[in-house]
Amino acid sequence: MTNRQSGRHAAFFVTCLVDNFFPEIGEAAVRLLEDQGVQVHVPRGLTCCGQMAFNGGHRAEAYAVAGRTIEVLRGQGDVVLPSGSCTAMIRHLFPDLFRGTPHEATAAELIGRTYELTEYLVDVLGVTDLGARYEGRITFHDACHGLRFLGLQQQGRTLLNHVAGAEVVPLPGSTECCGFGGMFAVKHAAISEAMLARKLANINSTEADLLVVGDASCMMQMAGGLSRAGSRTRTRHIAEVLANMTGVRG
Amino acid sequence: MTQANLTFHERVDAALHDETLQTAISRATTRFVGNRANALAALTDEAALRDQARAVRAKALARLDELLIRLSDNVTAQGGHVHWAEDGAAVSRYIADLAQDRGVRLIAKSKSMASEEIHLNQALEALGMEIAETDLGEYIIQLAGETPSHIVGPAIHKTRQQVSSLFEQHLGMSPTDDVPTMTRTAREALRRQFLQADMGISGVNFGVADSGAIVLVENEGNGRLTTTLPRIHVAVMGIERVVESLDDLKILLQVLARSATGQKLSVYTSLLSGPARPQEPDGPEEFHLILLDNGRSTILGGPYAESLLCIRCGACLNICPVYQAIGGHAYGGVYSGPIGAVLTPLLQPELPDQHHLPYASSLCGACQEVCPVRIPIPDLLLRLRADAVAAGKAAPGEHLAMRGWQIMMSNPAFYRAGSKLAALGSGLLAKDGRIEQLPPPLDTWTNRRDFPPVARKTFTARWEERQQEQAREE
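Residues numbered from 1 in each chain as written. Chains lettered and ligands numbered in written order. Predicted model: local features only at pLDDT ≥ 70, side-chain atom pairs only at ≥ 80, totals over all residues.

### Observations regarding the overall build of chain B
Okay, so step 1: In terms of regular secondary structure, chain B is built from 21 helices and ten strands.
Okay, so step 2: Referenced to the eigenvectors of the C-alpha coordinate spread, the extents of chain B come out at roughly 100 × 55 × 45 Å.
Okay, so step 3: Counting across all 474 residues of chain B, residues that qualify as buried make up 49%.
Okay, so step 4: A fraction of 72% describes how many contacts in chain B between residues 6 or more apart in sequence connect residues 24 or more apart. (Helix = DSSP H or I, 4+ residues; strand = E, 2+ residues; numbered from the N terminus. Buried ≥ 20, exposed ≤ 12 C-beta atoms within 10 Å, placed from the backbone. Contact = placed C-beta atoms within 7 Å.)

Structure (structure tokens):
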């Protein structure tokens, strides 16, 4: 079941959303890594990848924050994030942000050792069965940035398929965006709500107990919609499911 | 449905509440998306073909000047005339002069986004010319006095019932929603126009430099009639639409119809090389190719050059959840959807609301995923957002908020304090573990969604406590 990786170290970058809104996801992710024998450390002073400012077009502010993050992560070994979106910010967007700047080489070096959590578990550590158990029906949403900018499609499903007791049902339109999009959800709330409405209809059609997502940002959107609609379907990050921590949050 | 005076947000709101529009867009995009997926799945190596298509387009852009001159030389050698137009005004002037000189009264026109881009019809109508759109979709919106809502299907925002009423009103058709009856009615009306027109204006899907041919991709045959029946044929081509050779064309034709409508090839693919030769019974007496720049040469060397790879298949519109929600007209520019959100700020910077368009995207990346020439549309949207901010177009207070965010995220002590403050604030707002009403400027979130409260203790704080405990134990 476990495939112990003695001597492997990883820096855990919790991301600002998980840190502030869903600390349990961070704890679940650390538990998963430690269960695999990975020595986890959290570099002091890590805050944010800078995506919010970057996506808003505020490149100077994004540059300042992301540049600092690069420096904090220098020499920290593998970096693992419980977010496809923040990982994609580093791997896919840092090259554009730092092109022709003093951080360019450091950013390139960081990109080569940065991983999203499920990607790290399945592709780097080579584990698929984490010994998790969940009695109920699960459906999985493909978060856009992980799917399209990191190519994550099978990793999450493979891990969920090994959760004992769980019935994993496909989510119709699982690759369609939930409508979050950062500040898009606020600036263009009406469009975001229309996208969410379609997503919620698809989620409801699965009659799942649990909607599982790999990104806290998409979770906020879909859980917010489900909660407002009074749905019985709860939303959890995949790390919480895999670490048997679905009951920790309300 | 003239929406010129509405703001972007007002147009979006209107579209979201227009049930007929929602039905029409949903039907059309669902069909397009499904057909495209099936057509591409049938290819043995879709990825390689798209790589080739991108390479063909990139090569053409890299040697644009050389290829355009070659195209021009070959068109001229075949008896055609070539006119280089810097902008829309230059195109209208050239066509108007030509029409006046040759005594043209009626112009038949086949579908052309380039002509839409420069509002050619209005310009020529203002000079007293009559224009008949002959593509069925374009004909419908011409009758309705509207603009195209989609690059490939200009009237996809209309339901069958709406088209039927238009035909009743304008063509005297008896009430019916039988599609064959409706198309027959349109064909009869259009056939008269074809036979009377003195000039045909077409767009150009591709111009082949080596052969001097222009290529028209269409399904109705109206493009063929437009370019062969009237005695003068004028083709309007955006300068970026050149390809070097017929071999290159072959690659692009394999991806264009598949990406657009899911067809292997469109019903009609015409390669037109100049006017009719003396021994040929059909074809126009004169052929004029207008090469339209209209800002493209400025885009070419800059950070948005990849937008010129576009072959106008419309796949990014169909797949886009934002386009699916609001349709094409809400974008306000000639080009809509994801590629429109890139092109409109570049080609129509004078539109007051254009800076909103790059923000009207969740950056989900579906557009890039289906693009047959792999244009990184989300990256381009992000650059346009940075341009909008640099041009001072950010919402009031937003820049200040971002400066505050930067200071907080750059200093762990401030970050910790900020987390605690946010937890306190959200503690006041939250009930039963959720926030039902956020204060401005985030209040729009909670119109239809709950918001999670900020955790009382961050992961970082919990981690530090754990480290301290472990240190004590050791």
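So much for the structure itself; the text now carries on.
### Let's talk about the overall build of chain A
Okay, so step 1: The secondary structure content of chain A amounts to 13 helices and eight strands.
Okay, so step 2: At 18 Å, chain A has a C-alpha radius of gyration in line with the 18 Å of a compact globule built from 250 residues.
Okay, so step 3: In terms of principal-axis extent, the alpha carbons of chain A reach across some 50 × 45 × 30 Å.
Okay, so step 4: Burial analysis of chain A (250 residues in total) assigns 61% to the buried set.
Okay, so step 5: Counted over contacts in chain A with a minimum sequence separation of 6, partners at least 24 positions apart contribute 78%. (Rg over C-alpha atoms; globule rule 2.2 N^0.38 Å.)

### What about helix H20 (residues 412-429) of chain B?
Okay, so step 1: For H20 of chain B, built from 18 residues, the straight-helix expectation of 26 Å at 1.5 Å per residue is met to within 8% by its first-to-last C-alpha distance of 25 Å.
Okay, so step 2: The set of residues buried in H20 of chain B consists of Tyr-415, Gly-418 and Ser-419 of chain B. Along H20 of chain B, the residues classed as buried sweep out an arc of 105° about the axis, all on the same side. When the buried face of H20 of chain B is taken as reference, the exposed residues oriented beyond 90 degrees from it are Ala-413, Ala-417, Leu-421, Leu-424, Gly-427 and Leu-428 of chain B.
Okay, so step 3: Against helix H1 (16-21) of chain A together with helix H19 (398-409) of chain B lie the buried residues of H20 of chain B. (Expected span 1.5 Å × (residues − 1). Arc of directions from axis to C-beta.)

### Regarding the interface of chain B and chain A
Okay, so step 1: The interface of chain B with chain A comprises 53 residues on the first partner and 53 residues on the second.
Okay, so step 2: For the side of chain B that touches chain A, the secondary-structure elements that each account for two or more residues are helix H1 (8-16), helix H15 (321-326), helix H17 (366-370), helix H18 (377-390), H19, H20 and helix H21 (459-473) of chain B.

### Topic: the domain arrangement of chain A
All names here are of chain A.
Okay, so step 1: According to the domain assignment, chain A contains domain 1 (9-123) and domain 2 (128-242).
Okay, so step 2: Using only C-alpha atoms to locate each centre, domain 1 and domain 2 end up separated by 22 Å.
Okay, so step 3: In this complex, domain 1 contributes 27 residues to the contact, which on the side of domain 2 involves 23 residues.
Okay, so step 4: Put simply, the parts of the chain that give the side of domain 1 that touches domain 2 at least two residues each are H1, helix H2 (23-35), helix H3 (51-56), helix H5 (84-98) and helix H7 (117-124).
Okay, so step 5: In terms of residue class, the side of domain 1 that touches domain 2 is made up of 14 nonpolar, eight polar and five charged. (Domains from an automatic or database assignment. Nonpolar A, V, L, I, M, F, W, Y, C, P; charged D, E, K, R; others polar.)

### A few points about the domain arrangement of chain B
Okay, so step 1: Along its sequence, chain B is carved into domain 1 (8-298) and domain 2 (398-473).
Okay, so step 2: Taking only C-alpha atoms, the centre of domain 1 of chain B and the centre of domain 2 of chain B are 53 Å apart.

### Quick look at helix H10 (residues 179-196) of chain B
Residue and element names in this part refer to chain B.
Okay, so step 1: Taking 1.5 Å per residue, 18 residues should reach 26 Å; H10 reaches 26 Å between its end C-alpha atoms and fits that length.
Okay, so step 2: For H10, the full list of buried residues reads Met-182, Ala-186, Leu-190 and Gln-193. Buried residues in H10, looked at end-on, bunch into an arc of 45°, giving them a common side. Of the residues in H10, the exposed ones pointing more than 90 degrees away from the buried face are Pro-180, Arg-184, Glu-188, Arg-192 and Leu-195.
Okay, so step 3: The inward-facing, buried residues of H10 contact strand E2 (106-109), strand E3 (130-133), helix H8 (136-144), helix H9 (160-171) and helix H11 (222-228).

### As for the sheet that holds strand E7 (residues 232-238) of chain B
Residue and element names in this part refer to chain B.
Okay, so step 1: The strand order E1-E10-E7-E4-E2-E3 describes an open sheet built from six strands, whose pairing is parallel. The strands lining the two open edges of the sheet, one partner per strand, are strand E1 (81-85) and E3. The average undirected angle you get between the axes of adjacent strands in this sheet is 20°.
Okay, so step 2: Bridge count between E2 and E3: four bridges; the pairing is parallel. Bridge pairing in E3 places Ile-107 opposite Ile-131. (Pairing = 2+ DSSP bridges. Axes fitted to C-alpha atoms, helices over the stretch in contact; angles between N-to-C directions.)

### Side note on the sheet that holds strand E2 (residues 39-41) of chain A
All names here are of chain A.
Okay, so step 1: Strand order in this open sheet of four strands is E2-E1-E3-E4, and the pairing throughout is parallel. Of all the strands in the sheet, the pair left with one neighbour each is E2 and strand E4 (114-116). Strand-to-strand, the axes of this sheet are offset by a mean angle of 35°, without reference to chain direction.

### Looking at the environment of Met-219 of chain A
Okay, so step 1: Counting through the fold element by element, Met-219 of chain A comes out in helix H12 (residues 216-228).
Okay, so step 2: Sequence separation between Met-219 of chain A and Cys-178 of chain A is 41 residues; the distance between their C-alpha atoms is 9.2 Å.

### Some remarks on the packing of helix H16 (residues 337-347) of chain B against H18 of chain B
All names here are of chain B.
Okay, so step 1: The N-to-C vectors of H16 and H18 enclose an angle of 35°; their axes lie 10 Å apart at closest approach. Here H16 and H18 pass one another in a crossing that is left-handed. The residues of H18 that touch H16, namely those facing Pro-338, Ile-339, Ala-341, Val-342 and Pro-345, are Ile-377, Leu-380, Leu-381 and Leu-384.
Okay, so step 2: Split by residue class, the contact of H16 with H18 holds nine nonpolar, no polar and no charged. (Left-handed = near helix turned anticlockwise from the far one by under 90°.)

### Here's the deal with the packing of helix H11 (residues 189-206) of chain A against H1 of chain B
Okay, so step 1: Close contact between H11 of chain A and H1 of chain B brings their axes to 9 Å; oriented N to C, the two are set at 30°. When the axes of H11 of chain A and H1 of chain B are compared, the pair comes out roughly parallel. Taken as a pair, H11 of chain A and H1 of chain B cross one another with a handedness that is left-handed. Here H11 of chain A contributes Ala-190, Ile-191 and Ala-194 of chain A to the contact with H1 of chain B, which in turn contributes Val-12, Asp-13 and Leu-16 of chain B.
Okay, so step 2: When the residues that make up the contact of H11 of chain A with H1 of chain B are grouped by side-chain class, the tally is five nonpolar, no polar and one charged. (Parallel < 35°, antiparallel > 145°, perpendicular 65-115°, else oblique.)

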